[in-house]
Amino acid sequence: FMFGGVGLGSAVAAMERTTGRPLVWATAHYLNFARPPSVVDLDVWTPVEGNHITQARVVSHVGDKEIITVNAALGQRPMELSQQWVKAPDVTAPDDSDVQSHWRGSEEGVHTRTDVRIPALKDKAEAAETGRRVIWIRPREDFPIDAPMLAIMADYVPSGVGAALGKNAGGNSPDNTLRIRRIVP
């Protein structure tokens, strides 16, 4: 079936192209599965278009069967302020981290097109006490890291939970929310 992050990513791409504005936030509700060889259509609505922000909605469907609904805000306000308060944990670099295979062992699909690594937390006590897990992820192909790609990457969180628990597991995402302030290299 269609990976949920691909559903959210395609909706984000459709809204950005329709509005000409970058994503601020999006939330997706996964309602049904789209299985091959289904064709998923995306209908974009923009009920509110303001000076800086557009409110948009996408309904992704196969025929009359609704698959994913995404609500979003797109745009940007002129602002010079930029701050990051959370300090990233000290971990090994991506190329020095363990390669993470997909929990189902799949040889096809979106998982074969992403390089997922599980770095070691340099503070082993922090890893054991907090259950905190970091995932390095990047496309294997030369795709830009944009809002649709970040939506795909965000849907790897369930497998990160499995890794934090020491289990080869993942799960379904009944919903997902993505918030972007600014994309930087």
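The notes below deal with the structure included here. Because the structure is predicted, anything quoted here is derived from the model rather than measured.

### A word on the overall build of the chain
For step 1, the next point in the chain: Of regular secondary structure, the chain possesses four helices and eight strands.
For step 2, the next point in the chain: Walking the chain from its N terminus toward its C terminus, one meets helices and strands in the order α-β-β-β-β-β-β-α-β-α-α-β.
For step 3, the next point in the chain: Looking at the chain as a whole, 34% of its 185 residues are labelled buried.
For step 4, the next point in the chain: Sequence-distant contacts, at least 24 apart, represent 61% of the contacts inside the chain between residues at least 6 apart.
For step 5, the next point in the chain: Of the roughly 11700 Å² that the chain leaves accessible, carbon and sulfur atoms contribute 52%.

### Side note on the environment of Gly 50
For step 1, the next point in the chain: Mapped onto the secondary structure, Gly 50 falls in the loop between strand 2 (41-49) and strand 3 (53-62).
For step 2, the next point in the chain: Through-space distance from the C-alpha of Gly 50 to that of Leu 74 is 10.0 Å; in sequence the pair is 24 residues apart.

### Points about unusual backbone geometry
For step 1, the next point in the chain: Note the cis peptide between Pro 36 and Pro 37, where omega equals 5 degrees.
For step 2, the next point in the chain: Mapped onto the secondary structure, Pro 37 falls in the loop between strand 1 (23-30) and strand 2.

### Regarding the side chain of Ser 97
For step 1, the next point in the chain: Mapped onto the elements, Ser 97 comes out in the loop between strand 4 (65-75) and strand 5 (98-99).
For step 2, the next point in the chain: A distance of 2.9 Å separates polar atoms of two side chains, one belonging to Ser 97 and the other to Thr 92.
For step 3, the next point in the chain: One polar contact links the side chain of Ser 97 to the main-chain carbonyl oxygen of Ala 93, over a distance of 2.7 Å.
For step 4, the next point in the chain: Other than its neighbours up to four places away in sequence, Ser 97 contacts Thr 92, Arg 117, Ile 118, Pro 119 and Trp 136.

### Considerations on the environment of Gly 63
For step 1, the next point in the chain: Relative to the assigned elements, Gly 63 resides in the loop between strand 3 and strand 4.
For step 2, the next point in the chain: For the pair formed by Gly 63 and Ser 38, sequence separation is 25 residues and the distance between their alpha carbons is 9.1 Å.

### Observations concerning the sheet that holds strand 5
For step 1, the next point in the chain: Taken in spatial order, the three strands make up an open sheet running 5-6-7, and their pairing is antiparallel. The strands lining the two open edges of the sheet, one partner per strand, are strand 5 and strand 7 (136-139).
For step 2, the next point in the chain: As defined by bridge partners, strand 5 adjoins strand 6 (residues 114-118) across two bridges and the pair is classed as antiparallel. Considered in strand 6, the bridge of Asp 98 is made with Ile 118.

### So, the packing of helix 1 (residues 4-19) against helix 3 (residues 147-154)
When two helices pack together, their arrangement is given by the angle between their axes and by how far apart the axes lie.
For step 1, the next point in the chain: The interhelical angle for the contact between helix 1 and helix 3, taken along N-to-C directions, is 165 degrees, at an axis separation of 7 Å. On the basis of the axis angle, helix 1 is roughly antiparallel to helix 3. Handedness of the crossing formed by helix 1 with helix 3: right-handed. Seen from helix 1, the contacting residues are Gly 5, Val 6, Leu 8, Gly 9, Val 12, Ala 13 and Glu 16; seen from helix 3, they are Ala 147, Pro 148, Ala 151 and Ile 152.
For step 2, the next point in the chain: Broken down by class, the residue content of the contact of helix 1 with helix 3 amounts to eight nonpolar, two polar and one charged.

### Some remarks on the pattern of salt bridges
Any two side chains of opposite charge can pair if their charged atoms end up close together.
For step 1, the next point in the chain: Evaluation of the coordinates by the stated rule reveals four salt bridges.
For step 2, the next point in the chain: As a salt-bridge pair, Arg 117 and Asp 115 come within 3.0 Å of each other at their nearest N and O atoms. In this structure, Arg 117 and Asp 115 share a single accessibility class: buried.
For step 3, the next point in the chain: One salt bridge in this structure joins Arg 138 and Asp 115, with 2.9 Å as the shortest N-O distance. With a gap of 23 residues between them, Arg 138 in strand 7 and Asp 115 in strand 6 connect regions that are remote in the sequence.
For step 4, the next point in the chain: Its relative accessible area of 7% is what places Asp 115 among the buried residues.

Analysis parameters
- Counting restarts for each chain: residues are numbered from 1 in the order of the written sequence.
- This being a predicted model, a pLDDT of at least 70 is required before a residue's local features are given, and a value of 80 or more before pairs of side-chain atoms are given or counted; all residues contribute to the totals for chains, interfaces and linings.
- As a convention, hydrogens and water are excluded, and side-chain values are obtained from all of the structure's heavy atoms.
- By definition, any uninterrupted DSSP run of H or I lasting at least four residues is a helix, any uninterrupted run of E lasting at least two residues is a strand, and each is numbered from the N terminus.
- Burial here depends on accessible area, computed with a 1.4 Å probe over protein chains only, as a share of the maximum for the residue type. Under 20% is buried, over 50% is exposed, and the range in between is partly exposed.
- Contact definition: two residues touch when any of their heavy atoms are within 4.5 Å.
- For the accessible areas, the method is Shrake-Rupley and the probe is 1.4 Å, while residue cover comes only from the protein chains on display.
- Polar contacts here mean pairs of N or O atoms no more than 3.5 Å apart (in protein, one a potential hydrogen donor and the other a potential acceptor; neighbouring residues in sequence count only if both atoms are side-chain atoms).
- When DSSP finds two or more bridges between a pair of strands, those strands are recorded as paired.
- All axes are obtained by fitting lines to C-alpha atoms, using only the stretch in contact for helices, and the reported angles, taken between N-to-C directions, cover 0 to 180 degrees.
- Note on terminology: angles under 35 degrees are roughly parallel, angles over 145 are roughly antiparallel, angles of 65 to 115 are roughly perpendicular, and the others are oblique.
- Handedness of a crossing follows from how the near helix is turned relative to the far one, being left-handed for an anticlockwise turn of less than a right angle and right-handed for a clockwise one.
- Amino acid classes used here: Ala, Val, Leu, Ile, Met, Phe, Trp, Tyr, Cys and Pro are nonpolar; Asp, Glu, Lys and Arg are charged; the rest, including Gly, are polar.
- We define a salt bridge as a side-chain nitrogen of Lys or Arg found within 4 Å of a carboxyl oxygen belonging to Asp or Glu.

This is a description of form; function is not addressed.
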